[in-house]
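Residue-level structural notes
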Amino acid sequence: MIFPLRLTTLAAGVLLACAAHAQSSRMPLDRPAEALDKALSSLAQQSGVQVFFASALAAGKTAPALKGSYTAREALERLLAGSGLLLRAQDDKTFTIERAPSAQGEATLSEVQVMAASYEQVASEKTRSYTIDKSRSSTGLNLSMRETPQSLSVVTRAQMDDFGLTSVNEVLENTTGVIVEKVETDRSYYTARGFDITNFQVDGVGIPFVYGNVMGDVDTAIYDRVEVVRGANGLSSGTGNPSATVNFVRKRPTADFQASGGITLGSWNSRRLDADLSGSLNTAGSVRGRLVVAGQAKNSYLDRYAHDKSLFHGIIEADIGESTLLTAGHTREQSKATSPMWGALPLYFSDGTPTHYDVSTNPSSDWSSWTFKNETSFVELAHRFDNDWLIKAALTHKESVSNGKLFYVYGTPDRLTGLGLFSYPSRYDVSNRQDIVDLNASGPFFLGGRKHELVVGGSWSKSRLNDESNYGVGIGTALPDLATWNGDYPEPAFTAAIDGSSFTDNRHSVYAAVRLNPVDDFKLVIGANATSVDSSGISYGENRKRSESAISPYVGAIYDLNANLSAYASYTNIFSPQHETDINRQTLDPVKGNSKEVGLKSEFFDKKLNASIALFQTKQQNTAETAGYLGALAYHKGVDTFSEGFEIDLSGQLTSRLQASAGYTQLSIEDKDGNDARTFAPRKVFRLSTTYRVPMIERLKIGASVNWRDGTYRTPAAGITIRQSSYALLNLMARYDFTDKVSATLNLNNVTDRKYITSLYWDQGFYGAPRHATLALNLQY
């Protein structure tokens, strides 16, 4: 057992350790020219002084290089030279920075062109790095990865472009500790640390998935990066869930004009076009816009399956004065799948032995189809005050519609004949409307002569869902062996029966967190989230009415051991309402419990490389687990679980030529009797993506990614066990820059042609893609 003895002893030892950093009156400095805010922060940390300033004052300004021996004050004055800013000393160790008064009649240049940058973190598309400098995903406060008291990973735009990660599934498959449970061709669940991920955000605003899964193929063209906070995160996400919170961060307009586009061709007649335009819409640069479009069509290694999708994303932001930013945008994404899977292949024969279908086997009929359309509109208003406080309001409206004529196969085949399977055709239509309002304020305050930070906020969301299942005539018709199946089944009239759902979910949350800075090397984050969830309506004949509320406290601590290494610990309660139903079609009670984590975080090479190691422990009551099926509908049971483990994560630049993102997770999950639980979740997972700029051939970049996981299993019935042995997927890439504006990227995936089942989340499954390749030609201006 890691907790409570060994891990809490380690945390106490780390957090009680103290080391005073002696600072001489003069310091030898050798620093390059860099962003002013970064230079000021680094110098303050190195010299042991406190420097207070509004980030808007330093935005867009560059500090000169420093080389020589200086006192702290001399160094600060040299950094501010020519910036139009004034240094004021409060005492020998405390300084403030303010705007210098303008000479009479002197014109003052407007700063509206750079105000947007002061509100959010630097875009990863600008840095081309595999890591980021700041994140708000964990606490709502703008913290570095090292300052965040939880495990945090990121997949940046550079990594997406290098490895052709054009879908959310592909991104999360390359994220430390996240497992993509692809149960069907067009429906996926996500897990981390063995549990379902149910908290999703876009730009920090929670967008709950009604059924806890993603339908369709969500494109990544509009995102600058994807941040994943692992462990319970009820503070900013509204509910504490011990898996992870996934935050999709959109691309934003740029002041300078930029344009890019590409064409990609690949295996199974895959074709993709995309374009991205951004820049100022007026001469002052105070109004900026961005347009992203993409289209893709492809066949598949699966028999009869094909998929088309298109994407439109437009966003405009305007500086209203020097301190207020108004942003509005709309995203439209739609796709159509031909002969999609609804359910998947049976994984065992009637005698209990595993099935052995060909990789291309698809149980769907030749007339099946599934269309998806998602439209999201959002408006944001942000204002930064002179005291560096930021208040931000966001309104999001999302509409999702899907229509499917689907074909499910059920039963258990005979090992010799393949017979024993039966048809279950249905027409399925669903619409979901969501409205989300989020309001928060964050900024510094001074107490006891020291600077601290506070964030307070609240959110409200309403989701209305209607779905209808029209069952086809002929349910229960015997089918031939799937090994010889060609999808030939007459399309029936969908008039046998009708059922469905109509329900509404309301969620309200208020939250607050404070980051206290009692001494230079120690930070304490304390907060709480109060959430209430109310539901009403009917789902397939059962009353969905429920009303739940809880307060989830959060505490995190960070202690700087030296200039590059910090120790941290965090604790939070778990409260996570569930949508799953039991055998009586009653919604399960919320999951409750607690989550603890301690670890070490480090920064190297001027914060270009981040690394961490975390030990975690989770106790949960009533976690939903699939217990069986009533027709094509799964029912669940609540399971009490105990999990613990550790994670290692590294991302960023190791040398000027080498970028890497790597992670390893190892865990155990047990039920209340000490037996293995949720055995479909791998206990060990290793991820590595790395690229290298080749010396002497400066225009060539090569890379590789490895995704390894150990074996999993599930026991669908007494005496029957389904297993997927451990496997590794190897992907290779090469990019050649013909000019500064024209490049080509070749990606070769599953190089070893490994055959594997994509998921054991259900009792059915299908095989992942065999070896395949894509070639992309990219242009940018």
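1. As for the sheet that holds strand β8 (residues 151-156)
- Sheet architecture is open: 5 strands sit in the order β8-β15-β16-β12-β13, paired in mixed fashion. Two strands close off the open sheet at either side, each with one partner strand: β8 and β13 (205-206).
- Summarising the sheet, strand β15 (residues 223-230) and strand β16 (residues 244-250) pair through 7 bridges and their orientation is antiparallel. Pairing of Val228 across the sheet is with Val246, part of β16.

2. So, the packing of aromatic side chains
- In the structure shown here, the tally under the stated rule is 22 aromatic pairs.
- Judged by centre distance (6.0 Å) and plane angle (70 degrees), the rings of Trp367 and Phe494 are edge-to-face. Taken together, the residues span a long stretch of sequence, with Trp367 in the loop between β22 (345-346) and β23 (369-384) and Phe494 in the loop between β26 (450-471) and β27 (497-519) at a distance of 127 residues.
- Where Tyr410 meets Tyr424, the ring centres are 6.3 Å apart and the plane angle is 85 degrees; that geometry is what we call edge-to-face. In this pair, Tyr410 sits in strand β24 (residues 390-411) while Tyr424 sits in strand β25 (residues 421-447), placing the two residues 14 residues apart along the sequence.
- Under the relative-accessibility criterion, Tyr410 is labelled partly exposed at 30%.
- Using a relative accessible area of 14% as the deciding quantity, one classes Tyr424 as buried.
- Members of the aromatic cluster, connected to one another through ring pairs, are Trp342, Tyr408, Tyr410, Phe422, Tyr424 and Tyr471.
- The residue whose ring lies beneath Lys755 is Tyr767, and the NZ or CZ to ring-centre distance is 4.5 Å.

3. Some thoughts on the pairing of strand β31 (residues 565-576)
- Most of β31 is tucked away: 9 of the 12 residues are buried.
- Here strand β30 (residues 546-560) pairs with β31 via 7 bridges, running antiparallel. Pairing of Val555 across the sheet is with Tyr571, part of β31.
- Hairpin remark: β30 followed by β31, antiparallel, with 4 residues in the connecting loop.

4. Looking at the environment of Leu79
- In this fold, Leu79 is placed in helix α4 (residues 72-80).
- For the pair Leu79 and Ala614, spaced 535 residues apart in sequence, the C-alpha to C-alpha distance is 37 Å.
- Look past the residues within four positions of Leu79 in its chain and what remains in contact with it is Leu36, Ala39, Leu40, Leu43, Ala63, Pro64 and Leu66.

5. Description of the pattern of salt bridges
- Under the defined criterion, the tally for this structure stands at 43 salt bridges.
- As a salt-bridge pair, Asp224 and Arg225 come within 2.7 Å of each other at their nearest N and O atoms. Both residues of the pair, Asp224 and Arg225, count as buried.
- For the salt bridge of Arg433 with Glu399, the shortest nitrogen-to-oxygen distance reads 3.6 Å. With Arg433 in strand β25 and Glu399 in strand β24, this pair connects stretches of sequence that are 34 residues apart.
- For Arg433, a relative accessible area of 40% corresponds to the partly exposed category.
- The exposure class assigned to Glu399 is partly exposed, which follows from its relative accessible area of 35%.

6. As for α4
- Among the residues of α4, Ala72, Ala75, Leu76, Leu79 and Leu80 are the ones counted as buried. The buried residues of α4 occupy one face: seen down the axis, they fall within an arc of 130 degrees.
- Phi for Gly82, located one or two positions after α4, is positive at around 75 degrees.

7. Details of unusual backbone geometry
- In this model, Lys607 sits at a positive phi of 65 degrees, which is unusual for a non-glycine residue.
- Mapped onto the elements of the fold, Lys607 is located in the loop between β32 (591-604) and β33 (609-630).
- In the Ramachandran plot, Asp753 falls in the positive-phi region, its phi being about 60 degrees despite a non-glycine side chain.
- You can see Asp753 is positioned in the loop between β41 (742-749) and β42 (764-765).
- What makes Asp753 partly exposed here is its relative accessible area of 38%.

8. Some details on the pairing of β32
- Here β32 lies mainly inside the structure; 10 of its 14 residues are buried.
- Pairing geometry for β31 and β32, over 12 bridges, is antiparallel. Of the residues in β32, the one forming a bridge with Ser576 is Val591.

9. Thoughts on the environment of Tyr635
- Tracing the backbone through its elements, the reader meets Tyr635 in strand β34 (residues 633-653).
- For the pair Tyr635 and Leu667, spaced 32 residues apart in sequence, the C-alpha separation works out to 27 Å.

10. So, the confidence of the model for the protein
- The share of residues in the protein with pLDDT of 70 or more is 91%, and the mean pLDDT across the chain is 88.
- Here residues 1-24 is a poorly scored stretch, pLDDT under 50, and it has 40 contacts once near neighbours within four places are set aside; other chains count.
- Counted against residues more than four places away or in other chains, residues 102-119, with its pLDDT under 50, gives 38 contacts.

What counts and what doesn't
Residues numbered from 1 in each chain as written. Predicted model: local features only at pLDDT ≥ 70, side-chain atom pairs only at ≥ 80, totals over all residues. Heavy atoms only, no water. Pairing = 2+ DSSP bridges. Helix = DSSP H or I, 4+ residues; strand = E, 2+ residues; numbered from the N terminus. Phe/Tyr/Trp six-rings, centres within 6.5 Å; stacked < 30°, edge-to-face > 60°. Buried < 20%, exposed > 50% of the residue type's maximum accessible area, 1.4 Å probe, protein only. Lys NZ or Arg CZ within 6 Å of the ring centre and 35° of its normal. Contact = heavy atoms within 4.5 Å. Salt bridge = Lys/Arg side-chain N within 4 Å of Asp/Glu carboxyl O. Arc of directions from axis to C-beta. pLDDT = per-residue confidence, 0-100.

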